[in-house]
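# Understanding the architecture of this molecule
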Amino acid sequence: MLPATTALIRRRRSIKPVDMDPAREVDRALLTELIENATWAPTHGLTEQWKFHVFQADARHDLVQIMQETYRATTSVAEFREDKLKKMGETPLLAPVVIACVMERNGGTKIPEIEEVEAFACALQNLQLSATAAGLGCYWSSPPLLQTPMFHDWLGLRPADRCLGLIYLGWPKPNLTWPRSVRQPVENKIVWHVKKA
Ligand SMILES: Cc1cc2nc3c(=O)[nH]c(=O)nc-3n(C[C@H](O)[C@H](O)[C@H](O)COP(=O)(O)O)c2cc1C
């Protein structure tokens, strides 16, 4: 009944940076359109609680540096993994664009924080669907270090703000086989309540 919308939603896949073409830039007009579409998400009280920090070119090295410094400073000896640290140094450089997605807590006492987080997820889905429609690959990453005061200070967040993810964006490598995914039958996820007089 909604073939274009259904096809777009089901085509969106998490495309990892390793499958993106690092040499092919994403132009600013397209990025701006994707982000503007994100901002058209519903927000309770129209708080529009988002700020998108877009890292491209050499600015990605700054992101790598703070991610690695934060990981080193905030990970216990028992949990520290050299392979994770190394991957952190490589992944942001594989994608031409990395967006740190900041939820600015604007709702005060009227709008619960969870509602601002929920609205933010709507925005990021808008962004991902728009990217998919443009033929871009995208991937939402949420390493725990995004929640640390050290990373927050670096991004200039206020105490109640949160960084809800890194969105990696890039054109898929020309030979990429688009990943497949599965979902459970929808019947498992619906409880119909129908009462007729
Ligand atoms: C809030 C959120 C955080 C996520 N964080 C990660 C992450 O840190 N690492 C990861 O590999 N995938 C992450 N993902 C992507 C999911 O793993 C992915 O959406 C899921 O495997 C389904 O695949 P699909 O996106 O291709 O449908 C995240 C997704 C969401 C919505």
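About the cut-offs
Residues numbered from 1 in each chain as written. Predicted model: local features only at pLDDT ≥ 70, side-chain atom pairs only at ≥ 80, totals over all residues. Heavy atoms only, no water. Buried < 20%, exposed > 50% of the residue type's maximum accessible area, 1.4 Å probe, protein only. Helix = DSSP H or I, 4+ residues; strand = E, 2+ residues; numbered from the N terminus. Polar contact = N/O pair within 3.5 Å; in protein donor to acceptor, adjacent residues only side chain to side chain. Contact = heavy atoms within 4.5 Å.

## Thoughts on unusual backbone geometry
With the exception of glycine, the majority of residues adopt a negative phi angle, and the majority of peptide bonds are in the trans configuration. Its identity is not glycine, yet L46 carries a phi of approximately 50 degrees, on the positive side. Look at L46 and you get exposed, because its relative accessible area is 62%. The backbone of A57 sits at a positive phi, close to 50 degrees, despite the residue not being glycine. Tracing the sequence through the fold places A57 in the loop between strand 1 (50-56) and helix 3 (59-74). Note on A57: relative accessible area 41%, which makes it partly exposed.

## Some points on the side chain of R105
Turning to its location among the elements, R105 is positioned in the loop between strand 2 (97-103) and helix 5 (113-134). Of the polar contacts made by the side chain of R105, one reaches the backbone oxygen of G108; its length is 3.2 Å. Of the polar contacts made by the side chain of R105, one reaches the side chain of E116; its length is 2.7 Å. When residues no more than four places from it in sequence are discounted, the contact partners of R105 are I111, P112, E113, E116, R158, A160 and D161.

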